[in-house]
Every structure is written in C-alpha cells, then in structure tokens.
Amino acid sequence: MRVFVTGATGWIGSHTVDELLSAGHEVTGLARSDAGENSLRAKGARSLRGDLDDLDALRRGTEDADAVVHLANKHDWANPAESNRAERAAVETLAEALTGSDRPFVFASGLASLALGRPATESDPSPFSGPDTPRGGAENLALEYADRGVRAVAARFSPTVHGTGDHGFIALLVAAARRTGVSGYVGDGTSAWSAVHVHDAARLVRLGLERAPAGTRLHVVAEEAVTARDIAEAIGRHLDLPVKPVAPEDAVGHFGFIGRFFALDMSASSAATRAAFGWEPTGPTLAEDLAAGAYAHA
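Colleague: Explain helix α8 (residues 228–239) here, please?
Modeller: Think of an α-helix as 3.6 residues a turn; residues three or four steps apart then line up on the same face. The terminal C-alpha atoms of α8, which comprises 12 residues, lie 16 Å apart, in line with the 16 Å expected from a rise of 1.5 Å per residue. Where α8 is concerned, the buried positions are A228, I231, A232, A234, I235, G236 and L239. Just beyond α8, the residue with positive phi is D240, at close to 55°.

Here is the structure:
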C-alpha cells in the first residue's frame, strides 16, 4: 500500500515508517523541515512538506495514498487548547478526505480516563467528545467515520512508549531525578501506567493498518500496569539515587508539568488486541530499558 504518515519523523512515527517500509509498503511522510525531508528520503520514503496546521498538505497526502497513519500532535503542554484544536482539525480533514473510500485510517489516541479502579479495555469508549475536550475529542470524531466509508482505527498508545532515544514522559522523569537528586513518585506510588517498547508499538500500527476492521480500538500495551513507585525505583537504580515520595501538592514543583500526569492511573489491558491480531510484544520492559541505559541521554 501507499501509506501517508503524519508525525513521520517523530519518536513513534519514525519507527512506524521503518516498520512499514520493511513490510514492503510505500511511505510518504509529512515533514516540517529540510532535515525531516532528508531523513525520510534516506530511508527510502517520500516526503511531503507541511505541518499539522497545513490542512491542504494533509488533503494532498491523503488523496495520493491507499492508507493514512496519523501520529502527529503538537503536544503543547503550555497551551493544551491549541493542541486539542489542531488535533481535531487534522483528524476531521484526514477523515473527510477518506470518506467513502473504505481506505484505512489509523490514528493515535490515548488511555487516560477510560476506566476507574481497573485497567482500561478495548471495549471502553473514550469519554471525550467535542472540541474542548482532551485531544479535541478526536477519537470519537474519527470513529464516527467508520459509518461513512472510512476504515477508522484508534491506536491507543501507552503513556510511555519507551526505548533508546525517547524524549517523552520517562525522559522527563529521569531529568527531574537528575535535577533534584531524588527519584520521586507521587503520593503512595500505587498509580500505574501501561508501557510498550517502541518497536512493538510500530509493529501493531502496521498490523492495524493491514488488518483491523473499521471501528477497532487497538491497545498498544505490553505491560498492563507499572506502578509509579516501580518506575521511580527503576530510575533510582539507573542513576544510583534515593527513591522518595513526593506530596501530590508538590508534584508539579518537583517534576515540572509531568507531575500532573505521574499520579494518574493509566493502566490498560491489551488482551482483546492480542487475540484479534496475534500481536505479542517481544521488546524489553520499561525497567529493562532503564537498566540498559536507554535513558542515559535524559
């Protein structure tokens, strides 16, 4: 298939491009810079110059493709309303361009606030609808297009998609530990995140693109629940630092903005995803990645 990928030079996107190319697909990646274009071409992919706000570029990329993978996001933590607006506009643009074609549309989503007191499952609907909700309510918006001739598939990524070179949430927690001299966790440390290695995540995106029916929710989850205390202890071992609790009211001051998320429970099961698509994660666990020095750069 000819696949158009947004976020093609980002953390998950760059690995997804590699996975798609290795499986024999042709890839065109959205690129914001000369460096991004050069990186894609060096891999054997094509590039389309543009960004998330360039809706004309999104339409052009979709029109020339057999399938779309949408992984870009502004992730502007200082202005979440802008991130939400841009995400909704991009998803609507891509889905409208695919309407009536039965082409696959795999798009990134998240696992926050799907369930209370238990790991979220693929059958849990997103509680977010409308432009003023997280991610602009894009998951529910996109899945509405499953009834309009779009093979819409939500890829719900674990809050940590880890590996060497990751600059996401775990890298921020490692940086906070270096800065403060303490590897901290919030409260009693029992809140938990799901986790997945980036290579396993990219493989599941490809499987979803190739095989998932319209309306599918994929849970990109290898480890169902890694507690905040376990994460802090793994970071402490990696950096040889003491591990201590941080009061909830001090979390943002200690960790930075990531403190708002570290106390959230974002655990999830991927049992239905594994059963449906034969996906079995093979990459290292989060603790193994930390022990191996995957976050030495943080």
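Colleague: Any chance you could explain the sheet that holds strand β11 (residues 223–227) here in plain terms?
Modeller: To summarise the sheet geometry, strands pair through backbone hydrogen bonds and adopt either a parallel or an antiparallel arrangement. Strand order in this open sheet of 3 strands is β7-β9-β11, and the pairing throughout is mixed. If you trace the sheet from one side to the other, it starts and ends with β7 (160–162) and β11, each paired once. Strand-to-strand, the axes of this sheet are offset by a mean angle of 40°, without reference to chain direction. In terms of strand pairing, β7 meets strand β9 (residues 192–197) through 3 bridges, oriented parallel. Note on β9: the bridge partner recorded for V161 is V196.

Colleague: It is not clear to me how the packing of aromatic side chains should be interpreted in this structure. Could you clarify?
Modeller: The geometry of an aromatic ring pair is captured by the separation of the ring centres together with the interplanar angle, meaning the angle of the planes. Per the stated rule, a full pass over the model turns up 9 aromatic pairs. Summarising the aromatic geometry, the rings of W77 and F257 are spaced 5.3 Å apart at their centres and angled 20° between planes, so their arrangement reads as stacked. With W77 in the loop between β4 (67–70) and α4 (80–98) and F257 in the loop between α9 (251–255) and α10 (259–262), the pair connects residues that are 180 residues apart, well separated along the chain. For F257, a relative accessible area of 25% corresponds to the partly exposed category. Measuring from centroid to centroid gives 5.7 Å for F169 and W193, while their planes differ by 45°, and the two rings are tilted. Placement of the pair is F169 in helix α6 (residues 169–180) and W193 in strand β9, with a sequence separation of 24 residues. Judged by its relative accessible area of 1%, W193 falls in the buried class. In textbook terms, an aromatic cluster arises when at least three aromatic residues are bridged by ring pairs, as seen for W77, F169, W193, F255, F257, F261 and F262.

Colleague: In this structure, what is going on with the pattern of salt bridges? I would like to understand it.
Modeller: For side chains of opposite charge, pairing can occur when their charged atoms come near one another. Taken as a whole and assessed by the stated rule, the structure comprises 21 salt bridges. Across the pair R49 and D34 runs a salt bridge, and its minimum N-O distance is 2.8 Å. Of the two residues, R49 sits in strand β3 (residues 46–49) while D34 sits in helix α2 (residues 34–43), which places them 15 residues apart along the sequence. For R49, a relative accessible area of 38% puts it in the partly exposed group. For R217, the salt bridge goes to E139, with nearest N and O atoms at 3.6 Å.

Rules of the game
Along each chain, residue indices are assigned from 1 in the same order as the chain's sequence is written. For a predicted model such as this one, the threshold for reporting local features is a pLDDT of at least 70, and the threshold for listing and counting side-chain atom pairs is 80 or more; totals across whole chains, interfaces and linings nevertheless cover every residue. Hydrogens and waters are ignored; side-chain quantities use all the structure's heavy atoms. Secondary structure counts use DSSP, requiring at least four H or I residues in a row for a helix and at least two E residues in a row for a strand, with both numbered from the N terminus. By this rule the span expected of a helix is its residue count minus one, scaled by 1.5 Å. Throughout, exposure labels follow a simple rule: accessible area from a 1.4 Å probe, protein chains only, divided by the maximum for the residue type, with under 20% read as buried, over 50% as exposed, and the rest as partly exposed. At least two bridges found by DSSP between two strands are what make those strands a pair. Geometry is summarised by axes, namely lines fitted to C-alpha atoms with helices restricted to the contacting stretch, and by angles between N-to-C directions that run from 0 to 180 degrees. Planes of paired rings set the category: under 30 degrees apart is stacked, over 60 is edge-to-face and the rest tilted, where pairs are Phe, Tyr or Trp rings (Trp by its six-membered ring) whose centres lie within 6.5 Å. What counts as a salt bridge is simple: a side-chain nitrogen of Lys or Arg found within 4 Å of a carboxyl oxygen of Asp or Glu.

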